[in-house]
Amino acid sequence: MNFRSFPSSNFDFDRDIVVIKGNNGSGKTTLLEALYYGCYLRSFKTRSADELIRHGANEFFLQLSTDNDDGETHEIKIGISKTAKTAKVDEKRIKSPREILDWLRIVSMTEDDLDLIRGAPEVRRTFLNQMLILEDFVNFEKIKRHKKIAMNRMLLLNEIRQRHRGMLPPAQREHLKAWTEQLWAAATEIQAKRETFLEQLSLEVNKLLSQYFIGKDLRMSLHYERRRMGSHRTFEEFWKMHAGVGLIEECVTGRNTFGIQLDNFSIEFSGSNARNFASRGQQKLLVFLMKIAGITGCTDEFCILLDDFLTDLDEKRIAQAMELIGQHKTQTFITSPIHAGKFFEARPDVQHITI
């Protein structure tokens, strides 16, 4: 109720594939955005909850019901006003989307997801963090702890920069070394998880390419890049290297020059940089496969949201993509000006919704 353009609407999704049709501006994307918000308590389009409240209203309310394989039904209720936020699962108030992820997990693919290939390193780091958290909730706490250590270390560096003009007093050196060791240990653990994930992701994407997208010698490779971390096995090895120029730079600038918040990974397709040499359709195919492959090893059910994401794929690729989706334990929502076409009209597992 009062979510963007919808004053009050009810939808019942009862098929594996839901195709949402409508003219531009009719609310197709808004419907997917509401599903996403019900899972993560945030939008994939804006960071401001106020922008989601229908014009002229003071608040919005969402209610989602989910059924799992065991026949259990769970209700998620979310109320947002300009001054308060309330979220409940089965009438129990929650504070974090982690408590929702036990019952509802969503992977979205929108036009903006092309930034995974074209955009800044921050987009790829966010993707890695999200995938690691979906893989194992323990990783959320590890990433959160790394962020806290990095912030405390940066506060110390800023103090040194402001009070000592970038010079490192002997009394502060051991203090800074202790924070450096904590950050190095936290970063090293997460970097190892990221590297393992990317190795597995490369294998799975190439497996999917060979199984479902036959016709060309297509292959993807992912390479993790540690910024100023090297391959040191112990902290003392790292400290010996970092305690020179690297530490001086940090004391002068007041900023950390290493950690997972600075790392990146490259994406190659058929031996070339995907950002510069892959076509738009190929880039969309890679993003699609990376997201699908990222949840392939998870035992939990997922919903997939495809918001106008198939438009740059030819008919053969769309048919192959839908065949792949059909093999996964997912419910898939699709908005597209393709208006379903022959890929959906004859399928009994497709529900058509016009808004």
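For the structure, see preceding data.
One structure accompanies this document, and this report is about it. (Residues numbered from 1 in each chain as written. Predicted model: local features only at pLDDT ≥ 70, side-chain atom pairs only at ≥ 80, totals over all residues. Heavy atoms only, no water.)

1. Some words on the overall build of the chain
Each helix and strand in the chain was counted, giving 11 helices and 12 strands. Based on the C-alpha atoms only, the size of the chain along its principal axes is roughly 75 × 55 × 40 Å. For the chain, with 355 residues in total, the buried portion stands at 48%. Contacts in the chain between residues far apart in sequence, at least 24 positions, make up 73% of those at least 6 positions apart. With the model as given, the accessible surface of the chain reaches about 18400 Å², and the carbon-plus-sulfur share is 48%. (Helix = DSSP H or I, 4+ residues; strand = E, 2+ residues; numbered from the N terminus. Buried < 20%, exposed > 50% of the residue type's maximum accessible area, 1.4 Å probe, protein only. Contact = heavy atoms within 4.5 Å. Areas by Shrake-Rupley, 256 points an atom, 1.4 Å probe, with all protein chains shown as cover.)

2. Considerations on the state of the cysteines
Per the stated rule, a full pass over the model turns up 0 disulfides. Left without a disulfide partner, Cys39 is nearest to the cysteine sulfur of Cys303, which lies 8.3 Å away. A relative accessible area of 0% places Cys39 in the buried class. (Disulfide = S-S within 2.5 Å.)

3. As for the packing of aromatic side chains
Tallying each qualifying case throughout the model produces 14 aromatic pairs. Put simply, the rings of Trp184, Phe235, Phe238, Trp239 and Phe258 touch in pairs and so form one group of aromatic residues. Sitting above the plane of the Tyr40 ring, Arg42 keeps its charged end 5.9 Å from the centroid. When the ring centre of Phe309 is taken as reference, the NZ or CZ atom of Lys284 above it lies at 5.1 Å. (Phe/Tyr/Trp six-rings, centres within 6.5 Å; stacked < 30°, edge-to-face > 60°. Lys NZ or Arg CZ within 6 Å of the ring centre and 35° of its normal.)

4. With respect to the side chain of Asp307
Here Asp307 shows up in strand E10 (residues 302–307). Although Asp307 lies buried, it forms no salt bridge, and the closest oppositely charged side chain, Lys45, sits 6.3 Å away as judged by the N-O distance. Of the polar contacts made by the side chain of Asp307, one reaches the side chain of Thr335; its length is 2.7 Å. When near neighbours in sequence (up to four residues on either side) are disregarded, Asp307 contacts Thr29, Leu32, Phe44, Met109, Thr110, Glu111 and Thr335. (Lys, Arg positive; Asp, Glu negative; His and termini not counted. Salt bridge = Lys/Arg side-chain N within 4 Å of Asp/Glu carboxyl O. Polar contact = N/O pair within 3.5 Å; in protein donor to acceptor, adjacent residues only side chain to side chain.)

5. Points about the packing of helix H4 (residues 121–135) against helix H5 (residues 138–164)
Direction vectors running N to C along H4 and H5 enclose 140°, while the axes themselves pass 6 Å from each other. Between H4 and H5, the crossing angle belongs to the class labelled oblique. Of the residues in H5, those touching H4 at Asn129, Leu132, Ile133 and Glu135 are Asn139, Phe140 and Ile143. Here the contact of H4 with H5 is composed, by residue class, of 4 nonpolar, 2 polar and 1 charged. (Axes fitted to C-alpha atoms, helices over the stretch in contact; angles between N-to-C directions. Parallel < 35°, antiparallel > 145°, perpendicular 65-115°, else oblique. Nonpolar A, V, L, I, M, F, W, Y, C, P; charged D, E, K, R; others polar.)

6. Notes on the pairing of strand E2 (residues 59–67)
Going residue by residue along E2, you find Phe60, Leu62, Leu64 and Thr66 tucked away on one face and Glu59, Phe61, Gln63, Ser65 and Asp67 left uncovered on the opposite face. Summarising the sheet, E2 and strand E3 (residues 73–81) pair through 9 bridges and their orientation is antiparallel. Bridge assignment links Leu64 to a residue of E3, and that residue is Ile76. (Pairing = 2+ DSSP bridges.)

7. A short note on the sheet that holds E10
Backbone-to-backbone hydrogen bonds join strands into a sheet, with any given pair of strands oriented parallel or antiparallel. Strand order in the open sheet formed by 5 strands is E6-E10-E11-E1-E12, and the pairing between neighbours is parallel. Strands at the two margins of the open sheet, each flanked by one partner only, are strand E6 (106–109) and strand E12 (350–354). Across this sheet, the average inter-strand angle for adjacent strands is 15°, counted without regard to direction. When E10 meets strand E11 (residues 330–335), the two strands line up parallel, connected through 6 bridges. From the neighbouring strand, Asp307 faces E11, where its bridge partner is Thr335. Sitting on the sheet, helix H1 (residues 28–40) is in contact with strand E1 (17–21), E6, E10 and E11, with an inclination near 150° to E10.

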